[in-house]
Amino acid sequence: MRILIHGANVVTPDRTAVLNVLIEDHLIANVTADPIDPSSVDQAIDATGLHLIPGVIDDQVHFREPGLTHKEDLAHATRACAKGGVTSFLEMPNTIPNTTTVDALHQKLDMASGKCLVNYGFYIGATPDNVRELQNAKRTPGIKIFIGSSTGNLLVDEQAALERIFAETDLPICAHCEDETTVRANAQKYSASTDVADHSKVRDHNAAVIATRRAIDLSTRHNHPFHVLHVSTAEEVELIAAAGPTITAEVCPHHLFFNIDDYDRLGSLVKMNPSIKTAADNERLFQALLDGTIGVIATDHAPHTLEEKDQPYPACPSGLPAVENYLALMLNQVNQSRCSIEQVVSWMCAAPARVWNIKNKGHILEGYDADLTLVDLSLSRTIENQTQQTKCRWSPWAGETLTGWAVRTFVMGKEAYRLEDRTEHFAPEPVGHEIEYDR
Ligand code: DOR
């Protein structure tokens, strides 16, 4: 199958240029300013006025399968991805069972094949005593450590266990950084509270800073690549700016765009871990993207049902869905002149591919996988709960009108999603493949 996308503004992290892109089977076969004869292809798409970006790679999602499929599953989540211009995801190990053995990892990969509309990869989770499994895992982007506990029962807090993981494994490591001792002490202090805003006092600035400092220290001493997940505070940005080359970091849209003032309006919908912080933190996190201290944006898509979220604090679970709206949230920022589309491509496509050594993705180059997203920077759409593809069917951004949306998503050369005359079309069968890594 040969598909020609002609006349699009093709975006790389460095520049945007009007080019013609030829897809041949699952690969990008040609990227050229020269005309390509449309009669030589099976399908020609006139993309004049649209922008073509590499498919977005979300390196932190919780898609809940197996074990928690009343909240989300791979079929719903990957439709949400395709609609959101996301062509690849890396999923976290806090499913049931946890993905903490090579067997569980392979079972997850087997289950995903034949279910996913976009490309899939799964982290292996660390426990205090599974170093042998972490050493033997190959079909994974890396190791996830919960240095502080969150949804589920994964936790590695003892120093000796952390030292072993950093010393005796080779895969890149990422971690949820909130200090368990600090969180538990704060939780004691607020144990009588039913006010969800106290979540940001329990999971406070200190908790995040202490754990991130600890992880940076481990990474530096062991010279082990380490990625700080969901940075939420200005203080962590300063730690990361001062850290050496083994450290990379990411921020999530909720830590960029929500803060403690939003509890009044949104209540438990904006309860997540790490907690939302202050408006000053929002500002510093955005600046950290612009100055390059933080290189990646990911969602931490963590759906729970509205019924679960409706429980009073502290029973209401932490996490929110975001995968289908985060590209639009950032393109809306482009339209507000807060950043450029080239920067968005760097943060959401090229950088995650680089951090996780993802083979053949993240760029629009000859020979790369044909994971491509066409976006209409002038299209405005309003987020509505009832039109969300995620199985939990809600968004904390419901009611917001954003300008700049994906209108067509290709996964390995096949159309996964198309928005045409306001109607959303999805590929009738799964077109996602297992992600491969350069090692
Ligand atoms: O708020 C969160 N929810 N943070 C996490 O780290 C986990 C996630 C979940 O799985 O629900």
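Quick caveat, the model's predicted, so the values are computed rather than measured. (Residues numbered from 1 in each chain as written. Predicted model: local features only at pLDDT ≥ 70, side-chain atom pairs only at ≥ 80, totals over all residues. Heavy atoms only, no water.)

In this structure, the amide linkage connecting I96 to the following residue, P97, adopts the cis form with an omega of 5°. Within the secondary structure, P97 is located in the loop between β7 (86–91) and α2 (102–112). The residue H230 is not glycine, and still its phi comes out positive at about 25°. Along the polypeptide, H230 turns up in the loop between β12 (226–228) and α8 (234–242). What makes H230 buried here is its relative accessible area of 2%. (Helix = DSSP H or I, 4+ residues; strand = E, 2+ residues; numbered from the N terminus. Buried < 20%, exposed > 50% of the residue type's maximum accessible area, 1.4 Å probe, protein only.)

Listed in full, the buried residues belonging to helix α5 (residues 180–189) are E180, T182, V183 and N186. Buried positions in α5, seen along its axis, are confined to an arc of 160° and lie on one side of it. Exposed side of α5, more than 90 degrees from the buried face: T181, R184 and Q188 are the residues found there. Lining the buried residues of α5 we find α6 (199–202) and α7 (205–222). (Arc of directions from axis to C-beta. Contact = heavy atoms within 4.5 Å.)

Structurally, N273 is set in the loop between α10 (263–266) and α11 (279–290). The buried category is assigned to N273, whose relative accessible area is 7%. Looking at N273, its side chain comes within polar contact range of the side chain of S150, at 3.0 Å. Filtering out sequence-adjacent residues up to four positions away, N273 remains in contact with S150, H176, E178, H199, R203, H230, D300 and S318. (Polar contact = N/O pair within 3.5 Å; in protein donor to acceptor, adjacent residues only side chain to side chain.)

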